[in-house]
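Next come the chains, spelled out residue by residue.
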Amino acid sequence: MQSTTHAAPHVGHHDAHHHEPGFLQKYIFSTDHKVIGIQYGLTALAFLLFGFFLMLCMRWQIAHPGKAVPLVGPLFETLLKTTSGNSAAPGGVMNGELYNVFGAMHGTIMVFLAIVPLAFGAFGNYVVPLMIGAPDMAFPRVNMASYQFYVLGGVIMFASFFIPGGAAQSGWTSYSPLATTVDTHGQAFWLVGMVFLITSSLLGAVNFIATIIQLRAPGMTWMRLPFFVWAQFVTGFLLLLAFPPLEAAGVMQLMDNVFGTSFFLPTGLAVGGRVADASGGGSPLLWQHLFWFLGHPEVYVLILPAMGVVAEIIACNTRKKLWGYKSLVYSVLGIGFLSFIVWAHHMYLTGMGTKISAFFQTTTMIISIPSVIILTCLFISLWGGSIRFNTPMLFALAFLPMFGIGGLTGLPLGFAAADLHLHDTYYVIAHFHYVVAPGTIFALFAGIYFWFPKMTGRMMSEFWGKVHFVGSFIFMNVVFQPMFIQGMAGMIRRMADGGAGYSHAANPTATGGLSHSMISLHSVILVGAVGLAISQIPFIINLFYSIKNGRKIENDNPWQATTLDWQTPTPPPHGNFAHEPHAHRDPYDYSLPGAATDFTPQNQADPATKH
Amino acid sequence: MDIPYTSTARPDTGIYNAKVGIWLFLASEVMLFGALFSSYILLRVGALPGDWVHGLLNIPIGTFNTAVLITSSVTVVLGWAALQAGNFGRYKVYQAVTILCALGFLGIKSFEYREKFSHYEVWLKNPVTVKHGHKEVKTDRVLGHIEYQGHHPYFWRTKTLADKKVESFKIEVDPYHYSLSPKELAHARAESKGHKHEVLEIKSSDVKRLSAFTPSHGPYFAIYFTLTALHALHVLGGALVIFYIWGPGAKMWQTDPQRYMNRVEVSGLFWHFVDLVWIFLFPVLYLL
Amino acid sequence: MSDKSHSAHDSHAHSPEEISRHVRIYIIVFLALLVGTVVTVGLNYLHFDSKAVTIGIALLVAVIKATLVACYFMHLISEKRMIYVILGFTVFFFAALLVLTLSSYGDLPEMTTTR
């Protein structure tokens, strides 16, 4: 089908002034959803790399306890300090507190500064208005503000590494009383940073939901929306309604930290052997409830956009419509609703009674159903398809079994009886990383390769994309598979010495404990982590090199996709569409019987006819 | 393409964009204040008997402040109605009253806060005998105003006694304590009306703990200050937005009156929400 | 593409009679809110023996006042279905947060045996 012609830079009318905006207004203070999407994307990828780096240092340190971290050890020694002014890494060896800093910040950065901004802020912002046929988001200036709040929060989080005592170090979960009694101001930085990040997410959520409700083009009914848009819509609601209780909790923990309140400090609390100078009367459990009320919907925020990306890429690269569109839609709505009432499955070991535990176990089991339905629909969508094994499709295909492993390994954790053994072990780490790392991140890689040509007019290198894929796929599994075994053997999370203190070697006469083979798996995992790191190098080079040197695409729709985002000029100009598009058909009209082409765009009234 | 439905309503939803936006935002605010209210309930239910503070806030002042906020709530909607009728002048007057009420509310709140910061509780190592109303009781917890070297200090805590090397201080004891039931507390207050407060001299060595009614006093004041301060921030924010639309942003009434009315309506919705929160805050914190 | 025209779908009053009718309602609600405030403070001085009754009455008055503000000042009574749906889910999730958290406290072994 003939694509739309390349339009002039400005399509559509400006009310009064019609001047070309300067560099600052065009790239830094832009209100255009596409620019903001790219801003989110680049910033998030930078944080993703930084979070990855933190993990590399941790994995190295626990595979080589007591030895200096290579290359960056001296840097840590000079830059990172304890509150007494000493180095947090004497001799280049990370001390326990520094390990905890890296651990807490790795989690925080990956979840709040990398994945959510990439999945929701970047992909959501760039693609959703295009897919629904809108000229921009409903509130462009609020959009710009949400990005700016995100950067502010990120800067505060990053800066906290360099204060005496270091950044937050009580896990990304920041449980009280540990979080507020640990000797650093890092926690206060974390809390302030979180307030900014939460504000950014709330503004973004309002924008996404309002846009999808109000700015759908004529003919774009709810059941004609691409699944990607449904996923982002539900994600918006999760962020909107689940984040505020964490914001409230964050304010209360900040009050505990700075104003000496005891929201989360129990009566009789002793710190360092001495009774704490606090009023007491608070509840540590209250923090956990408020945190996990957000924490659980948050993990669905991490996965739903990824499912949306995978769905689009599978439809396009099988040249047939998705199987079970209605099931997909109702399942994603069901996941959204249920995700609000499962949170205490993160708290089975807090001493809750059997009735309430049974409630949460039940809702947790129920929520696995729509997740399985979505995965099943995506699997069945492959059947009978004319599969094109390009790089985005490889990552999208790999997402399916990887998310499958992640999801299935979550089931034992959902039962309190099994969770008794597995809670807080490496099994949990393996479970959630499978879902987010070879799960979500693969989907986001797929999305980057997929939408890159729409953003830049060029393709990324297929060869290096495949190299990136093979390396990432192999090494992700090398890193995370062993952790299931370690966890089932009883290896606890967040141990700076990698479990050496619980090893058979250190306690030859004790029963239980960690065998040498469990501890030696750390070395295997480290090999995997380094391999994973090396595998990202072709991706980073490919990404930036292809912006100017990638193969130019011949038309605006190189993947021959049906959705509206591919029916625009490349890159789409300000205002996206020259004239308001009209959606005439379902989103995945591939291979319509009797049509001349194997795809019929959504805004095309009739399929192409054979002459 | 311009963004549609900024002024006019979208046919199938029947609403313009900003209204959808503000209701979504208000939904998130319900969750925010809801979480804080839930925390209040949990902290109160979990408190030991006699430990939960009540009856120490000034109810007449709180009632007056409630009336001030309710007034501002009606003026904001009357202002919008005036705009609907095309009467820009009347709108300006009503909104001015709204903003003045907001400032009044904040001023009164600051006065209330300040009053608390110089009001103390002393936990003593050994019990003393004080009067609750006409009744004599032996207690190790007294409330009152401290007098030291001729002035009434703010923000003292246990540590301050050591830091400032205070040997002893006077306290004008309140003839009641919050560990009394609401009925007993009201009774004690009524009985001691018009009588001078008794003054005790307390040695610092006899003090187990000293705290003003600050957030660090205990869970009640912690949640009181957090809830009311967050609410006050929303009052301030809302007032600033209403002021901007009323003042610097009023040009839009000439250029795009429908969109201007929408802005007034949307900021009004936020304002009513702020009033709504106070409708619950006032009885929960002041009366219960 | 100008949006200056008044949409016939705008749900709010345009005619002078409707506006003055709405203004009358606003004044009545305002007075009701003031009365409600006095009532709530007055009832407070009655000191019921039952804690449940005290809390129940205070919250009941508060809910009535809140409903008046929401329905008439915020025009919820004539608002579109979509807003009700959004608010409905919000209220449900707030209730879930409160009830489930309270239940998990109340279900602790020490809560069910010694208290």
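About the thresholds
Residues numbered from 1 in each chain as written. Chains lettered and ligands numbered in written order. Predicted model: local features only at pLDDT ≥ 70, side-chain atom pairs only at ≥ 80, totals over all residues. Helix = DSSP H or I, 4+ residues; strand = E, 2+ residues; numbered from the N terminus. Buried ≥ 20, exposed ≤ 12 C-beta atoms within 10 Å, placed from the backbone. Contact = placed C-beta atoms within 7 Å. Core = buried A, V, L, I, M, F, W, Y, C linked by C-beta atoms within 7 Å. Domains from an automatic or database assignment. Nonpolar A, V, L, I, M, F, W, Y, C, P; charged D, E, K, R; others polar. Pairing = 2+ DSSP bridges. Axes fitted to C-alpha atoms, helices over the stretch in contact; angles between N-to-C directions.

### Details of the overall build of chain A
Okay, so step 1: Of the regular secondary structure elements, chain A holds 16 helices and four strands.
Okay, so step 2: Based on the C-alpha atoms only, the size of chain A along its principal axes is roughly 85 × 55 × 55 Å.
Okay, so step 3: Across the 611 residues that make up chain A, the buried fraction comes to 55%.
Okay, so step 4: Sequence-distant contacts, at least 24 apart, represent 77% of the contacts inside chain A between residues at least 6 apart.

### Quick look at the nonpolar core
Residue and element names in this part refer to chain A.
Okay, so step 1: Of all hydrophobic cores here, the largest spans 302 residues; its most connected members are I209, V310 and A446.
Okay, so step 2: Here the element with the most residues in this core is helix α4 (residues 96–132); it accounts for 25 residues.
Okay, so step 3: When near neighbours in sequence (up to four residues on either side) are disregarded, A446 contacts V309, V310, I313, P392, F395 and A396.

### A word on the domain arrangement of chain B
Residue and element names in this part refer to chain B.
Okay, so step 1: With domains assigned, chain B is organised as domain 1 (24–116 + 218–287) and domain 2 (120–212).
Okay, so step 2: The straight-line distance from the C-alpha centre of domain 1 to that of domain 2 is 34 Å.
Okay, so step 3: Contact residues are listed per partner, giving five residues for domain 1 and four residues for domain 2.
Okay, so step 4: For the side of domain 1 that touches domain 2, a count of residues per class yields two nonpolar, three polar and no charged.

### Re the sheet that holds strand β3 (residues 168–173) of chain B
All names here are of chain B.
Okay, so step 1: Taken together, the five strands give an open sheet; going across it, the order is β4-β3-β2-β1-β5, and neighbouring strands pair in antiparallel fashion. Either end of the sheet is taken by a strand with one partner, and the two such strands are β4 (199–203) and β5 (207–212). On average, each strand axis in the sheet is inclined to that of its neighbour by 60 degrees, with strand direction left out of account.
Okay, so step 2: Where strand β2 (residues 135–147) meets β3, four bridges bridge the pair, whose relative direction is antiparallel. Bridging across to β3, G144 finds its partner in V173.

### Some details on the interface of chain B and chain C
Okay, so step 1: Counting from both sides, the interface comprises 46 residues of chain B and, opposite them, 47 residues of chain C.
Okay, so step 2: Those elements that place two or more of their residues in the side of chain B that touches chain C are α1 (17–45), α2 (59–84), α5 (182–191) and α8 (257–287) of chain B.
Okay, so step 3: When residues in the side of chain B that touches chain C are grouped by element, the largest group, 11 residues, is from α2 of chain B.
Okay, so step 4: Among the residues forming the side of chain B that touches chain C, the class breakdown is 28 nonpolar, 14 polar and four charged.

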